[in-house]
Amino acid sequence: MASMTRAASAPETGAKMSTRAKWAVAGIVAGSGIAGLLGAGSSALAAYFARRVITPSVRQADEEVLAVVRGDKGLQIILAATPDTTVDGVFSLFFAGGTGFARIGRIVSYSPAERTVQREVEEVYSGDLTSARRGWWSGAVYNSPAALGVESEDVKIDVEGGQAPAWLVPAIPGERAKVWAIMVHGRGATRLEGLRAVRTARELGLDSLLVSYRNDGLAPSAPDGRYGLGSTEWRDVEAAIEYALDHGAHEVVLFGWSMGGAICLQTADLSPHRHVIRAMVLDAPVINWVDVLAHHAQLNRIPYAVGRYGQLMLGHPLGRRLTGLAAPVDLKAMDWDSRAVELRTPTLVIHSVDDEYVPYAPSASLAEKNPDMVTFEPFEGARHTKEWNVDPQKWERLVRSWLAPRLKPRSGPTSA
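Residues numbered from 1 in each chain as written. Predicted model: local features only at pLDDT ≥ 70, side-chain atom pairs only at ≥ 80, totals over all residues. Heavy atoms only, no water.

Undergrad: What am I meant to see in the overall build of the chain here?
TA: Scanning the chain from N- to C-terminus turns up 11 helices and 14 strands. A burial count over the chain gives 54% of its 416 residues as buried. Carbon and sulfur atoms make up 51% of the accessible area of the chain, which amounts to about 18000 Å² in all. (Helix = DSSP H or I, 4+ residues; strand = E, 2+ residues; numbered from the N terminus. Buried < 20%, exposed > 50% of the residue type's maximum accessible area, 1.4 Å probe, protein only. Areas by Shrake-Rupley, 256 points an atom, 1.4 Å probe, with all protein chains shown as cover.)

If you want it as structure tokens, here you go:
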């Protein structure tokens, strides 16, 4: 999930009200009470917070480029030292409003006193890096499948409102695998994010479909122009599954990063084709949106009651006028920490314990509550969705060793 600015369903009928309906009703009551207590200023802040969560925004160039110099092995870049730029590994820097893209490698020198870090430049895919003054840091380190040295096909997937571009990378050129990996990027990111997993998928014999979905800048926008946090985007992944099945796949494995993880979980829960989802590999996934939103409210020093009211705006029909949502977002339905035992798809969760954006505790809790279905593999020092970047060998080894046994052909019924 890219950075957010730091700053319910209809009642069910029947004798027994569902848990979701009770939560929605509680929201109405609590929301009304909080609104009366907060006052106009705090209510406006709550509305602003809610809108920021679901509104696609332009990435901020928050990393300062101090100089680009030539070293013994090529270009090196000197950056202002930040929590992101001082993590060793392979990353990327987008600059010039996103038109420039460079892959940044190992740390050459780091001066805490001067607050600078010097790193190798492995590749400049586009733009003039020497003229860059600011940019944003990313874990997406390749600009296309060609940068990985693999063949690919540009395809279009029919979705609501038009067609969503995707890359199809075959495991074996000229052939179609029976199991496809569908790569689902996070909030504010693009299909570039999934390229890090393509090599591992190919080694496992999987064709890879790197998709775009509503509001990501490539696929058609949603009618309301708002994120559904997984509650609407899963339909675009469902369309990708249908595309895969129509083009030779028998089953799929879903890979998801950050909000892409939440989208995968919703797909596995709601898709009519959920029976063909063999497994999921989730990197720093949003397991519980309430936990993530409370975390960001705290980071931005937003009072608990204000942050809570913002959540209620997202989940209640009356909040649509302030949020712009076409329909409320059922945060409770996307709380997989509470719904852990309902998850019936084998799932590998990879999550860094120092993730500053999506706290890892719900990921660990999900595995603890449903150990038969969920395996949790912690990383350290990777921050958000950059586990592969700090240790690609470990990431790929974990995915291969966990996924390979689950890709073995299922045994059919024995004959009498």
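From this point, the narrative continues.
Undergrad: Would you mind showing me how to read the environment of Gly310 here?
TA: The topology assignment puts Gly310 in helix α7 (residues 304-315). Taking C-alpha positions, Gly310 is 9.3 Å from Thr323, a pair spaced 13 residues apart along the chain. Discounting chain neighbours no more than four positions away, the residues touching Gly310 are Ala46 and Ala50. (Contact = heavy atoms within 4.5 Å.)

Undergrad: Can you help me understand the pattern of salt bridges in this one?
TA: Side chains carrying opposite charge are able to pair once their charged atoms draw close together. Within this structure, the stated rule accounts for 14 salt bridges. Lys369 is the partner of Asp337 in a salt bridge, and the nearest nitrogen-oxygen pair spans 3.0 Å. Taken together, the positions of Asp337 in the loop between α8 (320-323) and β13 (347-352) and Lys369 in helix α9 (residues 361-369) put the pair 32 residues apart, joining distant regions of the chain. What you see here is one network of salt bridges that share partners, running through Asp84, Glu356 and Arg383. (Salt bridge = Lys/Arg side-chain N within 4 Å of Asp/Glu carboxyl O.)

Undergrad: Honestly, the confidence of the model for the chain in this entry has me stumped. Any pointers?
TA: Detailed conclusions should not be drawn from predicted coordinates in areas where pLDDT is low. Per-residue confidence for the chain averages 90 on the pLDDT scale, and 89% of its residues sit at or above 70. Every residue in residues 5-35 is under pLDDT 50, and counting partners more than four places away or in other chains gives 37 contacts. (pLDDT = per-residue confidence, 0-100.)

Undergrad: Honestly, the sheet that holds β13 in this entry has me stumped. Any pointers?
TA: Sheet strands pair via backbone hydrogen bonds, and the direction of the pair is either parallel or antiparallel. Here we have 8 strands laid out as an open sheet, ordered β7-β8-β10-β9-β11-β12-β13-β14, and mixed in their pairing. Only two strands of the sheet have a single neighbouring strand rather than two, namely β7 (153-159) and β14 (374-379). Looking at each pair of strands side by side, their axes are set apart by 20 degrees on average, direction ignored. Lying over the sheet, helix α4 (residues 234-246) contacts β7, β9 (179-184), β10 (207-211), β11 (251-257) and β12 (277-283), oriented at roughly 120 degrees with respect to β7. (Pairing = 2+ DSSP bridges. Axes fitted to C-alpha atoms, helices over the stretch in contact; angles between N-to-C directions.)

Undergrad: Even after reading the chapter, I still don't get the nonpolar core, so can you show me in this structure?
TA: Nonpolar side chains in soluble globular proteins tend to be buried together. Grouped together as the largest cluster of nonpolar side chains are 68 residues, with contacts concentrated most on Ile182, Leu209, Leu229 and Trp289. Per-element tally for this core: the top contributor is α4, with 7 residues. Among the nonpolar cores identified, the runner-up in size contains 36 residues, and Trp136, Val169, Leu192 and Leu348 belong to it. (Core = buried A, V, L, I, M, F, W, Y, C linked by side-chain atoms within 4.5 Å.)

Undergrad: Where do I start with α7 in this structure?
TA: The periodicity of an α-helix, 3.6 residues per turn, causes residues three or four places apart in sequence to face the same way. Taking 1.5 Å as the rise per residue, α7 with 12 residues should run 16 Å; its terminal C-alpha atoms sit 17 Å apart, in good agreement. Within α7, burial applies to Val306, Gly307, Tyr309, Gly310, Gln311, Leu312, Met313, Leu314 and Gly315. (Expected span 1.5 Å × (residues − 1).)

Undergrad: What should I look at first to understand the packing of aromatic side chains in this one?
TA: Geometrically, a pair of aromatic rings is defined through the distance of the ring centres and the angle of the planes. Scanning all chains against the criterion turns up 8 aromatic pairs. Ring centres 6.3 Å apart and planes at 65 degrees place the aromatic pair Tyr142 and Trp388 in the edge-to-face group. With Tyr142 in the loop between β6 (134-138) and β7 and Trp388 in helix α10 (residues 387-390), the pair connects residues that are 246 residues apart, well separated along the chain. Among the residues examined, Trp388 registers a relative accessible area of 5% and is labelled buried. Ring plane angle 15 degrees and centroid distance 6.3 Å describe the contact between Tyr360 and Phe376, whose orientation is recorded as stacked. With a gap of 16 residues between them, Tyr360 in the loop between β13 and α9 and Phe376 in strand β14 connect regions that are remote in the sequence. (Phe/Tyr/Trp six-rings, centres within 6.5 Å; stacked < 30°, edge-to-face > 60°.)

Undergrad: So what exactly am I meant to see when it comes to the packing of helix α6 (residues 289-299) against α7 here?
TA: Between two packed helices, what matters for the description is the angle formed by their axes and the separation of those axes. As a packed pair, α6 and α7 sit with axes 9 Å apart at the nearest point and diverge in direction by 140 degrees. By the criterion of interaxial angle, the relationship of α6 to α7 is oblique. Note that α6 runs across α7; the crossing there is right-handed. Contacts from Val290, Leu293, Ala294 and Ala297 of α6 reach α7 at Gly307, Gln311 and Leu314. Residues that form the contact of α6 with α7 fall into these classes: 5 nonpolar, 2 polar and no charged. (Parallel < 35°, antiparallel > 145°, perpendicular 65-115°, else oblique. Left-handed = near helix turned anticlockwise from the far one by under 90°. Nonpolar A, V, L, I, M, F, W, Y, C, P; charged D, E, K, R; others polar.)

Undergrad: Mind showing me how you'd approach the sheet that holds strand β1 (residues 63-71) here?
TA: The sheet built from 6 strands closes into a barrel, its strands ordered β1-β2-β5-β4-β3-β6 with antiparallel pairing. Taking the axes of each pair of neighbouring strands and ignoring which way they run, one obtains an average angle of 45 degrees across the sheet. Pairing geometry for β1 and β6, over 2 bridges, is antiparallel. Opposite Glu63, over in β6, you have Gly135 as the bridge partner.

Undergrad: What is the right way to look at the side chain of His185 in this model?
TA: Within the secondary structure layout, His185 lies in the loop between β9 and α3 (198-203). At a separation of 2.8 Å, a polar atom in the side chain of His185 contacts the side chain of Asp216. For His185, the residues in contact, after removing those within four places along its chain, are Thr190, Arg191, Glu193, Val211, Ser212, Tyr213, Asp216, Trp257 and Gly260. (Polar contact = N/O pair within 3.5 Å; in protein donor to acceptor, adjacent residues only side chain to side chain.)

Undergrad: Any chance you could explain the packing of α4 against helix α5 (residues 259-270) here in plain terms?
TA: Where α4 meets α5, the closest approach of the two axes is 9 Å, and the angle between their N-to-C directions is 65 degrees. One finds that α4 runs roughly perpendicular with respect to α5. Relative to α5, the crossing made by α4 is right-handed. Contacts between α4 and α5 pair Trp234, Val237 and Ile241 from the former with Ile263, Gln266, Thr267 and Leu270 from the latter.

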